[in-house]
Structure formats: structure tokens, C-alpha cells
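# A look at the structure
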Amino acid sequence: MKINSFRELLVKKAEGDDSLQTLAKFVDSEVLAEKVLESLEKMARARHKGDTANLALRDFAQDMDPETEPHMIRDALGHHVSRYKAALKGGRQDLANQHAKQAFNIMNMTDRAQKHSGGKLAFEHVSPHPWERNKMTSTYDPDHPKVQEGKYRAGEFKTKTKGLSYRGSDFSHLQQAPHESYKKEVKRHGHAGAYPFEQIRVNGKHIHVDDHDPEEIAGYEAHPFDFHPIMDHYKEAAKNRDPKDDARYFEDKNQYYNESPHMDNFFDRHEKLEEQDPEAYAARGSKPADPVHGHLDVEPLDISDEKKVQSGSAGGKRDVKTKANLDPDKLHPDVLKVIKDTQPDLYAKITAPKEGGGEE
Amino acid sequence: MSDIKNTFAENTFLEVLKKLKGKLSKAQEDEDEMDLQDYGLSEEDLQGLSVQDEPLDEDDEAARWLREQEGQGAGEEETAQVDQEKGNPQEEAQQEAQPQKKKVGKGSFKDWEPHGEYTPEQEAKMQQFMDEGYTHREAEKLAGAHKGPTDFQSALKHNVWPSQMSNKHMGELKEIASHWIDNKDRMDKLEADPEKAPMKHAAGQAMKAHEEATKDYAQAYNEFLQSDELKDLKGRKRFQAIRDWKNKWHEENPEHSQKLAESNIQQHFKEAGSVGGGPTGAAAGAGRTGRMGESINERIDRIAGVGHADVMSSEEAAQHVGGVKTDMGTQASQVRDPLSGGAIHAKQREIAQRERQARTQSDAGYKANEIGESIHPKQVSSARKDRENRAEGVIRRSGNVDRVKKLLEQHGKPEQLDRFVRLRSAKASQGGGKQEGEE
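Residues numbered from 1 in each chain as written. Chains lettered and ligands numbered in written order. Predicted model: local features only at pLDDT ≥ 70, side-chain atom pairs only at ≥ 80, totals over all residues. Heavy atoms only, no water.

### Considerations on the confidence of the model for chain A
Residue and element names in this part refer to chain A. Looking at chain A as a whole, the pLDDT averages 84, with 86% of positions reaching at least 70. In the model of chain A, helix H3 (residues 29–46) stands out as the element of lowest mean pLDDT, 62, in contrast to helix H5 (residues 69–89), which has the highest, 97. Note on residues 356–360: pLDDT is under 50 here. Beyond four places in sequence and across chains, it has six contacts. (pLDDT = per-residue confidence, 0-100. Helix = DSSP H or I, 4+ residues; strand = E, 2+ residues; numbered from the N terminus. Contact = heavy atoms within 4.5 Å.)

Structure below.
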């Protein structure tokens, strides 16, 4: 079967699922392109993540209660990000680094575990690669031996970014705008300032970021979830694990849930919070908190030279260049109708009588 | 056709055939340019014939529908019509001969509009859905207030344009798509080729093994999570109920832990090699790793025969002492270091063995000298020949490294022996060597 376009391919692939087919047939081209690119990018980066999880991580993911562990993880991230924010406000970069490091540690574990949770754990965040790139900017020179060999290109960065697996202790790069080499990615999600911790979501709910008084923050304070044995075991590669290591994990897990005070501490705090203000407690996570780096004066990355693609509902206005291949005679009438509804300017352009071969 | 008919009357049979042939050739040339579906007849062909469609039944549903559509925006619409005027067969034939393009104009389809016949409950529900982000049309369907075609015939006549989906609805469909993507990812891992994608294959096997080992627990646990016992529990009480259930289940099923330990889930990754996470075992500290996780040290060991308690083929032995692989087997006019590329993969070794066996059965030509000399039958004395045959036989039969060394001492060149000893020393100093004399 000859396939003339990506849309046709999607329609063919979605055979058997009417909703998906309808979506593929009638969605606006720009919206489709944006969503596909976003998905491809996520797939390319994160598709393999968690595939080589060890037994401890698989067990943690499978064994969790969809209401308890995700809640703990969300609370732990909120705790560390809140204290990170307060430490920054108080001018204490060292303390901010400690809390940022632990936040990244928890995010890394959660990102790896979600694949094995059978849908019980869903973790969303903005990839920190564009911010991490600020730290490592040295590139290959044209006369570098490896460039001469053809292994690398001139101008290519020498060091790859690690994202959530970042192992350094300095997280000051999160307070800058993302690196310009990631402009396209930043344009897609629109977060062009300092790193948006407040966009982290666990099972659809945002993390709750408190505004602590910097004076009240004495030093580093752990969260009960930091003591969960999975935080010690998840990083080890599966091929380096012995049955003894797994036995140790199961023992530690048993001890954590049955004997340690951490779960009780966690529930005590939350029962107290709910008692103080039930309405506010119920609304926690329903929308993102104020920007964590909002108090900093960060010049955002300039993404204004190309229009940011907006995903809009019917009737939304866009300003999109007319493409040379948008020939109304070749388009399905239903597609023309959708273009007419969503982009009247574009519709007018493509249906206007052509003048002497001039096309935009 | 008429000219062919005339031709028959006026010409001989041969001439008729020629004319037919000419017509067919021309038709064949025109075929590429013609619309193959254009089976229209020419005016001449239809002389004397009349073509007339049966008039449409006035009460026919299709006719009624056509009339309805024609009534809407008739100015821009072109519909296929059959000329029903009698006595004008030429016109009819012409119209029928030309393929009529049916253009669906603006008038035949219309934009969706709410039908307005909503109950107060439906309106309230619709408003709620619209507040959540759905479009009016989606909200109507979700609220159960939709009035669409109820049967197939009506659906065929449905003439309302589809609408652009809301972001909210698209977000929900994304979730469906993510299940589809996850399933695809799962199948990819399970069906991955172990040669081409060892880590993916290992991930698939580990996933499968884990699911098998925890099948019973996962099923029981999921049933408990859906049960009425937990339905109304929240927070600490929920956690305690789940914890108690888990403790009880593990007490009643002590074999579960054993099964999990025996499933060897992580073994698959060990077998697939070190991709990420660093080298293991003998390769630790060796730095670079090979394609399947084999380190340089492990390759040296394999080459030098460490760990190979059984046969070392004559080919391999020859390559220890610098054999050059040729079509006739391993031969050498100079010593070569096997680490520079003379060592052969196990599979190639097997092929080489088979070739050697085939060669020994073929006519005498160049005879492969397993201890590294190229010889020509005419140049070799019979005594030497006997010695070489014996040497070849010993290596082939025993494969013992020490015997190779002894043979080299007795019959080989000094530099060959020297090379062999140096390789053995290098291996021994790396700590993986086999003791001299061990088989």
C-alpha cells in the first residue's frame, strides 16, 4: 500500500482503534507535528530508561500501593525543593546543592521505576539536560585528532549531559537559563528561564512547594522517604547484583515498613496538615506552585525568532507559513474543513487564486 | 467498429487483419496516456444504438436524498445526472461516455450545531464537561445528549463535518496511545534478537522472568487492591491494612521468595555483557570491552587456550606461533603476533577445521604445515615429512599446549618457539594462566 504522508501512516497504524484513527485523520497538521516531535523526543531519550532495572527496583515498582508510595515520593520531592528554594533565598548555595542532589536522586529513581509499576506510578518532569549543558561547554576543535579521524564533528560537545543521573555536587546551573543549543526543545515546552522544579508531577499532581523562611532553615533535613532501602539499591546495575544483595534489600524493606518510625512520621505530619486546613490540603498538587527560582533575576533564553507552536482548540488563531505543498485540490475535503475552522488565514492563503507561480 | 465492418465488405481477409493489427498497435501506444477506466464509446460506434438509463423511481430513498442535497446550495453543486430526455441518444451517450466527476460542494455538508433539545440535567452535565475543557460537541456526547444517526442507512447520509478535538480530549487519547506505545515496547523487547540487540533481549527476558516468578503474588495483590476491604480506607489505615495483608501472604506462601531467588532475573544482563555500569569479573580493570562484553584479557585467555581444557585445534596452535591463514590452511613464512589479528573466532576455527578435513581428502597440492612452515611436496624429504605428519597428528589428537611446546622445541624454528614462550609468559603474568603441564 502506497502511503503518501505521515498522517496516512498514522491512520493505517491506528486500525482497530476508532478514536485514534479519528484523531489521526482530523487533527491539525501543526498540532500533529508538535505532538509527534514531542513524543519522539521523549521516546528517544527515555524509552530505554528503566529497562535494565535490577530486581530491587522491579520489586519496589510492582509492590507499591498506588496511593501510598507515589504520595510519599511527591511529598519528598516537595520537601527537598522547598528547602532548596529557601536555601537559595538565604544565599546558601551549599545547602541548596544538598537538597537539589537528593531531589534529583529521588527523581532518577522514580523515572526508572515507573516503567515497571504497571501504571501505578507516573512521573513527569522537564528534562534538565538543557540546564546541565551550561556546565560543560567545551567542544572539539577542527584539528582535534578524533575530529580528523571522523569520529566526532568540529563544534560537537566533548561531554554528554547526564540529566537526572547527574553525579556532580554543584547544581548552580539550574539557576541559569537553558543552553542555547537546546533551543528547539525549549521552544516546545516553553520553559526558557531557570529550571522549573514546580512542573514536576507524580501521578498527575504537582509537587507542593512551601515558602519557608530562610532564617528557619538550620541545615540539611532528610525526608522519611530518603530512608527507604530502594534509595540505596536502585542505582546498582542488575548484572552486578548477587542474590545476597537482593536478600539484603528484602530484609531492609521489611524492616522499613514494619519496624522503623519513618512511615509513622510521614503519616503523623500529613494528618496534622489535613487537620489544620482540610480545604487547602485537598487542593495540594492541583496546580503548579510559584516558580522555585522566581526570586532570581534570570534572563530567559531567547526563543522568539521562530513562532512557538501553540496547541489550540477549534477557532484558535495561528500564524503559520503557507507551505508550498498545501494544494487545496489535493487535500481531503474534511482536512480542508478543519484548516478552515482552525486557521482561517491559512485557509484563505491556500484557496486564493495563484499568481504567476509565486508561492511562499 | 463501423470502419472495420466496412473493411470486411471491401477488402480481403489479410487486409482486414493488417488493419486490425494497426488499430491494436495504436491502442497499445495510447494505453499509457489513456485513463484505463475510460471505456467510453465513440459517437460513431454508437450509431444506430440507443443508451438510456431507467428513470429513477420517484419514491426511491436515494432519489429523495439526491433531491434534498440538490436543494441545498444548488448554485455551486454539480451532481451526476443522467439525461433523461428521450430521443437524444447521442447526447446521452456522450454524457455517459465522459466520466462524471462528482464534486461535493459546500452545500452538501454542514457545520455541527447543537440541536438545543436538552433536558436541564443534560445541560448541567454539558456545562460541567465544557468547564473541564471539552468542546460543546464532545460535552454533548459525554452527557448522553447526542442525537445522531441510529441506523446504517441514516449514517450513510450523515452530512455534518467532523470537528477539531479539544486539548482535553486529545490528552486522554494520548493516554490510550501511551498504552499502545508501551505494548509495542514490550513486544519489541520480547522479540529482540540476542545477537543484534543483546541488552534489549536481556531486558525482555528479565521482564518475562520477573513476571513469571511474581505472577501469583501480583494477581493476589491486585485483587486485594481492588477489593471492598480497601475501598474506604485512606492514609495510615490503608497502609496498615496493605502491610498486614502482605505480611500474611508471605507467611502463607514461603516458596515465593525461593521462586524469586531462583528466577535469575539479573543473570540475563550478566550474560548480555557489560553495556553501561562498568565491566565485571575478569574484565574489571581491563578498560575496553568487546562487542559481547568480552574484555581484552578474556580474548587473550581464549586465544592462548586458558580455560580450554579440551582440544586446541591445530589451526589455533599454528596461529600461536604465527601462522598466516591462507586458502590451504595456516601457513607461515614469517612469524606473526596473534594479537595483531591472526587469532580466529571460534566459528571461524570450526570452519577452518572443516576445510582442513576436506583438504586432506583432496588431491595433494600444498600441504598445510601445522607448525608454521610452508612446504612443497617436492622439496620435503621423506623423513621430515614423517616428522611433520607425526606432529600434526599429535596436535590434532591431543591439543595439549605442552606438547605443542615440545614439538616446537624439537622441530620448530627458534623464533617460533620464542614467540610461543613469550605469549605464555604474558598470559601467566596477567594472572589467568593455566599451569604448565595441566591439560
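### A closer look at the pattern of salt bridges
Under the criterion given, the structure shown has 28 salt bridges over all chains. Between A:Asp63 and A:Lys253 there is a salt bridge whose closest N-O contact spans 2.8 Å. Here the residue A:Asp63 occupies a position in helix H4 (residues 55–63), and A:Lys253 occupies one in helix H11 (residues 243–258), the gap between them amounting to 190 residues. Grouping residues by exposure puts A:Asp63 and A:Lys253 together as buried. A:Arg269 serves as the salt-bridge partner of A:Asp75, at 2.7 Å between the closest nitrogen and oxygen. With A:Asp75 in helix H5 and A:Arg269 in helix H12 (residues 262–276), this pair connects stretches of sequence that are 194 residues apart. In this structure, a network of salt bridges that share partners links the residues A:Asp51, A:Lys115, B:Asp185 and B:Lys189. (Salt bridge = Lys/Arg side-chain N within 4 Å of Asp/Glu carboxyl O. Buried < 20%, exposed > 50% of the residue type's maximum accessible area, 1.4 Å probe, protein only.)

### Describing the side chain of A:Asp111
For A:Asp111, the position within the fold is in helix H6 (residues 93–113). Reaching out from A:Asp111, the side chain makes a polar contact with the side chain of A:Gln114 at a distance of 2.8 Å. (Polar contact = N/O pair within 3.5 Å; in protein donor to acceptor, adjacent residues only side chain to side chain.)

### Some thoughts on the interface of chain B and chain A
Across the boundary between the two partners, chain B contributes 46 residues, which contact 54 residues of chain A. For the pair chain B and chain A, the summed buried area comes to about 4300 Å², and 56% of that belongs to carbon and sulfur atoms. Ranking the residues of chain B by area buried against chain A places B:Gln164, B:Arg236 and B:Gln266 at the top, with a combined share of 18%. Connecting chain B to chain A are eight salt bridges. (Buried area = accessible area lost by both parts, 1.4 Å probe.)

### Looking at a positive patch on the surface
Residues and elements named next belong to chain A. The grouping of Lys101, Lys160, Lys162, Arg167 and Lys235 at the surface amounts to a positive patch. Within the fold, Arg167 resides in the loop between helix H8 (145–149) and helix H9 (183–189). For Arg167, a relative accessible area of 68% gives the class exposed. (Patch = residues over 30% accessible without salt bridge, like charges linked within 9 Å, V, L, I, M, F, W, Y side chains within 5 Å. Areas by Shrake-Rupley, 256 points an atom, 1.4 Å probe, with all protein chains shown as cover. Lys, Arg positive; Asp, Glu negative; His and termini not counted. Charge placed at Lys NZ, Arg CZ, Asp CG, Glu CD.)

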